[in-house]
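Structural features, examined
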Amino acid sequence: MIPSEIKAAPEAAGHGEMANAIRFLAADAVQAANSGHPGMPMGAADMATVLFSRFLNFDPATPHWPNRDRFVLSAGHGSMLLYSLLHLTGYEDMDMGQLRNFRQLGSHTAGHPEFGAAAGIETTTGPLGQGLATGVGMAIAERMLASRFGDDLVSHFTYVLAGDGCLMEGISHEAASFAGHLRLGRLIVLFDDNGITIDGGTDLSVGDDQCARFAAYGWDVVRIDGHDAAALETAIAAARHSGQPSLIAARTVIGYGAPTKGGTSATHGAPLGDDEIAGAREKLNWPHAPFEIPPDVLAAWREVGARGAAGQAAWQDQLEALAQDDRIAFDRAMAGDLPAGIIEAMADYRKELAQEKPQMATRAASGRALEVINQVVPETVGGSADLTGSNNTLTPELGFVTADDFSGRYIHYGVREHAMAAAMNGLALHGGFIPYSGTFLVFSDYCRGAMRLSALMGCRVIYVLTHDSIGLGEDGPTHQPVEHMAALRAMPNLNVFRPADAMETAECWELALAAKDRPSVMALTRQGLPAVRLDYQDDNACARGAYELIAADGQGGSGGEVAAVTLLATGSEVSIAVAARNLLQSGGIATRVVSMPCWELFEEQDDDYRLRTLGLGTVRIGIEAAVSMGWDRYLGPEGGFVGMAGFGASAPIKDLYKHFGITAEAVVELAKAKLAKQQDG
């Protein structure tokens, strides 16, 4: 069901005055901050005015209601366009004081829109193209949620305002191609086709026919004058009834109204200057002081903001009319809460593992854990960048998402890692789903721009990154990640899990699902690994990030022999640490093993626990088939590291580990050398 277009209010103020309110709030805020991008908001003000006043379904008084339309400002440098709209339409946390404090510390009005800073900011944008790709994920989520709860309850549009730079970025190709493939008819992209970049005209660097390009993707495409309100209204109305995604290429003048700088790159990323703004006021007949909105113009905008209340209330009645079980399921999904049954299901699964003690690759163990999770948590949505069989992300009950049927829970993203990551952000931000998808760890480089936004926004997105070391073998150094663990661990608010066996993999999945405020990486092996966690325990050992796996002399807890050596390892190298520990113990050297599946969670523990776990006073050896960056903080000046110092090579796995010296014997040799040096000192 498509809501009818919103009819214009009685004209207290006309379209031109309403658009000019946006233009001068943007220009004045940038001037006050002496920093920002006035040109895009001034050029796109007509588009925004038509969209918000005639079509957008939203309610500032209930800004998070699930069936609102989503508006994504992909050209995030034009953030004052969005902030002006939020203020004018009456969002409570976007008062005039916030606009006056544009780009100032602690304000809601950051240089680029930041999710969570204020209601109405649907996603963080700024890195160009990300908003477009995230919007694709939101549009997918809308169709998937409608397939579960019906079009009467879920029926909204995703609007994206994108610029030339968004369409130049490679992610735009991945995302637009995928949207066309899925025929996302409720996705409408308004292309601010102003022909200007920072360096000058777009003809300096690009000669693409963007409309022909999007038409080739299977989009509906139209070119219009972006300052013609009637043409904008006609184009948007037609797009809302299309069965395909729509691109409205609206030709605009950047810095519209600026008398000498309009239409030039001078308006893109710098204040206009007092004289230029004064000239624009005269040219556009806006005689009002900075940050002053005439009462009739403000009233017209506030009327726009007030119109959505009736639709929101009617939708709330529909929600309350649902069968009780459906209402509970919908509310729980949108809140992001896990079903109560997941705790018992995972506990039972871990008991099975304790009995079986399976030897398997952690990617296979992840697949087994997902078989349990996906049966109990209906909100999980899996996928892969054309590596389903390698990533083990598909379980039997999911079913596939296709252009004709969105009832499935598995998405074939194709070889589109970057768009996959951004689309998962969109799925998570929309609400109702917990997305996870896979690729090889080395290809996380292709995902990184969107992964960083996952972390910055605190999205529960789970990246299943397999083939996590030289242990993938013969594919060689192009596919063998060595620096990637360090690079991912350097990213704030990202949990990087590298489990050692099936038991740890199950525990890490539990933690990733429970982390509502941050994304997670599951770094998983291609090669089979022995079980190192042999017994069931009620609590989740991985929840503390690192823990003593084996005490010195095999004694658990207090009373064991005081250790001389502590071996700290992650993932596939934990079993090497266990083997090295046994060799050292047989030689009379008391040695303990600490597994460190998640450094980020370990850093959150209290000082006493961290110091006890690390084993201060012992010789500490770190073991990981990766570069050593980051390990120094745990090993101390007397410690040592066994791992990689450069790129890998193409060979069978056993040959590679021996060639690069990542063996139990090498660990023993280094530990003894460090002990001898300690004793000599």
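Scope of this entry: the structure provided in the associated data block.

1. Points about the sheet that holds strand E18 (residues 640-642)
The five strands are arranged E14-E16-E15-E17-E18 in an open sheet whose pairing can be described as mixed. In this open sheet, the two strands that pair with only one neighbour each are strand E14 (547-550) and E18. Pairwise comparison of adjacent strand axes, ignoring direction, gives a mean angle of 30° for this sheet. Here five bridges tie strand E15 (residues 565-569) to strand E16 (residues 591-595), and the two strands are oriented parallel to one another. What sits directly across from leucine 568, in E16, is valine 594.

2. A word on the pattern of salt bridges
Within this structure, the stated rule accounts for 29 salt bridges. Salt-bridge contacts for glutamate 356 lead to arginine 368; the nearest nitrogen and oxygen are separated by 3.0 Å. Of this pair, glutamate 356 sits in helix H14 (residues 341-356) while arginine 368 sits in helix H15 (residues 362-376), and the two are 12 residues apart along the sequence. A residue is classified by how much of its surface remains accessible, and glutamate 356, at 41% relative accessible area, is partly exposed. Note that glutamate 624 and arginine 498 form a salt bridge whose closest N and O atoms lie 4.0 Å from each other. Of the two residues, glutamate 624 is situated in the loop between strand E17 (619-623) and helix H24 (632-635) and arginine 498 in the loop between strand E12 (495-497) and helix H20 (502-514); the sequence distance between them amounts to 126 residues. Like glutamate 624, the residue arginine 498 is buried in the burial classification. By sharing partners, the salt bridges in this structure join Asp468, Arg489, Arg498, Glu573 and Glu624 into a single network.

3. Comments concerning the state of the cysteines
Summed over the entire model, instances satisfying the criterion amount to zero disulfides. Free cysteine: cysteine 166, not disulfide-bonded; nearest cysteine sulfur from cysteine 211 at 15 Å. The class of cysteine 166 is buried, set by a relative accessible area of 0%. We note that cysteine 459 lacks a disulfide partner, and the nearest cysteine sulfur, in cysteine 447, lies 14 Å from it. Judged by relative accessible area, which is 4%, cysteine 459 ranks as buried.

4. Description of the pairing of strand E13 (residues 520-523)
Side chains Ser520 and Met522 of E13 all project onto a buried face; the interleaved residues Val521 and Ala523 project onto the opposite face, where all are buried too. Relative to E13, strand E11 (residues 462-466) runs parallel, the two sharing four bridges. Residue pairing across strands places isoleucine 462 opposite serine 520, the latter belonging to E13. In this structure, E12 lies alongside E13, joined through three bridges in parallel fashion. Considered in E13, the bridge of phenylalanine 497 is made with methionine 522. Handedness of the crossover is the feature at issue here: the chain leaves E12, passes through H20, returns alongside E13, and the resulting connection is right-handed.

Cut-off values and rules
Note that residues are indexed from 1 along each chain, following the sequence as it is written. Given that this is a predicted model, residues contribute local features only at a pLDDT of at least 70 and side-chain atom pairs are listed and counted only at 80 or more, while totals for whole chains, interfaces and linings are drawn from all residues. With hydrogens and water set aside, each side-chain value is computed from the structure's full complement of heavy atoms. Two strands form a pair only when DSSP identifies at least two bridges running between them. A run of DSSP states H or I qualifies as a helix once it reaches four residues; a run of E qualifies as a strand once it reaches two. Both are numbered from the N-terminal end. Interaxial angle, 0 to 180 degrees, is taken between N-to-C directions of lines fitted to C-alpha atoms, where a helix line uses only the stretch in contact. Each salt bridge in this description consists of a side-chain nitrogen of Lys or Arg and a carboxyl oxygen of Asp or Glu lying within 4 Å of one another. Only protein chains enter the accessibility calculation, which uses a 1.4 Å probe; a residue whose area is less than 20% of its type maximum is buried, one above 50% is exposed, and one in between is partly exposed. The definition used for a disulfide is geometric: two cysteine sulfur atoms within 2.5 Å. With its strands directed away from the observer, a crossover is right-handed exactly when the path from the first strand over the helix to the second travels clockwise.

On their own, these measurements won't tell you what the molecule is for.
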